Amino acid sequence: MKKTPHAPADLPRNRILQGDCIAQMNALPAGSVDLVFADPPYNLQLRGDLHRPDNSRVDAVDDDWDRFDSFKAYDTFTHAWLTAARRVLKPNGAIWVIGSYHNIFRVGAALQDAGFWVLNDVIWRKSNPMPNFRGKRLTNAHETLIWASRGEGAKYTFNYEALKALNDDVQMRSDWVIPLCTGHERLKDEKGDKAHPTQKPEALLHRVIVGTTNAGDVVLDPFFGTGTTGAVARKLGRDFIGIERDAGYIKAAQARLDKVRPYDASAIEVTRAKRAEPRVPFGQLVERGLLRPGETLVSPRNKAAKVRADGTLIADNVKGSIHQVGAALEGAPSCNGWTYWSFRREGKTVPIDVLRQQIRAELS
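In the annotation of an unreviewed UniProt entry, the entry for the protein chain reads Methyltransferase, and the organism field reads Meridianimarinicoccus roseus. Turning to the protein chain, the UniProt annotation filed under Sequence similarities (unreviewed entry) states: "Belongs to the N(4)/N(6)-methyltransferase family." Here the protein chain is described in UniProt, under the heading Catalytic activity (unreviewed entry), as follows: "a 2'-deoxyadenosine in DNA + S-adenosyl-L-methionine = an N(6)-methyl-2'-deoxyadenosine in DNA + S-adenosyl-L-homocysteine + H(+)".

### Notes on the nonpolar core
For soluble globular proteins, nonpolar side chains are generally found buried alongside one another. Among the nonpolar cores identified, the biggest contains 33 residues, and F37, W96, I98, L145, W176, L204 and V208 are the most heavily contacted of them. Looking at this core, the elements that each hand over two or more residues are β2 (33-38), β3 (89-99), β4 (117-125), β5 (142-149), α4 (160-166), α5 (202-212), α6 (228-235) and α7 (247-258). The greatest single-element share of this core, amounting to 5 residues, is contributed by α5. When residues no more than four places from it in sequence are discounted, the contact partners of V208 are L35, F37, W96, L145, W176 and T213.

### Re the packing of helix α2 (residues 71-88) against helix α3 (residues 104-113)
Relative orientation of the contacting elements α2 and α3 amounts to 45 degrees, with a least axis distance of 10 Å. Overall, the two elements α2 and α3 adopt an arrangement that is oblique. Judged by the twist between their axes, the crossing of α2 over α3 is right-handed. On the side of α2, the interface is formed by F71, Y74, D75, T78, H79 and L82, while α3 contributes R106, V107, A110, L111 and D113.

Criteria and thresholds
- Residues numbered from 1 in each chain as written.
- Predicted model: local features only at pLDDT ≥ 70, side-chain atom pairs only at ≥ 80, totals over all residues.
- Heavy atoms only, no water.
- UniProt positions renumbered as here; feature names shortened; annotations may be inferred.
- Core = buried A, V, L, I, M, F, W, Y, C linked by side-chain atoms within 4.5 Å.
- Buried < 20%, exposed > 50% of the residue type's maximum accessible area, 1.4 Å probe, protein only.
- Helix = DSSP H or I, 4+ residues; strand = E, 2+ residues; numbered from the N terminus.
- Contact = heavy atoms within 4.5 Å.
- Axes fitted to C-alpha atoms, helices over the stretch in contact; angles between N-to-C directions.
- Parallel < 35°, antiparallel > 145°, perpendicular 65-115°, else oblique.
- Left-handed = near helix turned anticlockwise from the far one by under 90°.

In structure tokens:
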């Protein structure tokens, strides 16, 4: 698997660290991870059990890890873990935090207080939300994700073309319709109950990781739970670091991860913007012997030009770059020579851009 060149070698890659997330993050090398995905306690402030109309009890979030004595205590905890997360991020790293209306506004303010720069908020609209059984409020059908860079003006990874491709070649919007985690994906314990009350769907993490990381990057999840972040990261050729306090969740997560097999390296490549690809001058094709001086290039309308040793072309007394000569022959103000010119090999006409992509693949 390709590793990020500047990532510290002593990182606990692809491991679950048991313990307090703040202490564990502070023990990691500073500036060592590419992305943090955090699904912190929501501080739901539940009062008593919740029942359906048939009086059956709803399996809601009532665990100790989601209980805080006050908003002040929750804010103190939030500021502490966000400070630790920012320290461990690389300068061009980023963070995603997900929450509900109970906590996301407090978390958003704390993100800005900690020095992060908000890039987007994303609405995850659940196509199959849990009904509001008491009938006293609107059905809570969404959660909010905040995506932020490490600071104002900081660089960050954004695979715009990949997300556009995921969305049928339409620009990805900030409202994502994805179902809750159900069916075979939902982990169960020995009793047949949910292994974790707020297990996130892999589709959500797939979109986040494809869109904002690269193969070989390190993704840290300080609230690892049953390991959705790690499972998706592993499939997509990323490394993960999970932090979790609860031994039961760790056991379920590790069993899940042991079954995950990474996708083939060629399958995790994503569509990139043209400007992000290495620049290859036409002359490099000549230097490398992929095209010979004196060889003839042909246009879509069978106009011809000869390749010169310095990477220029000559045709009908017109000399210049592949772009200049193409434009002159067509009487056009400009021309993309890479798509205009082709060469002949074994009786076939081959676009010169094939040779450029060959060199780009070698450079990558």
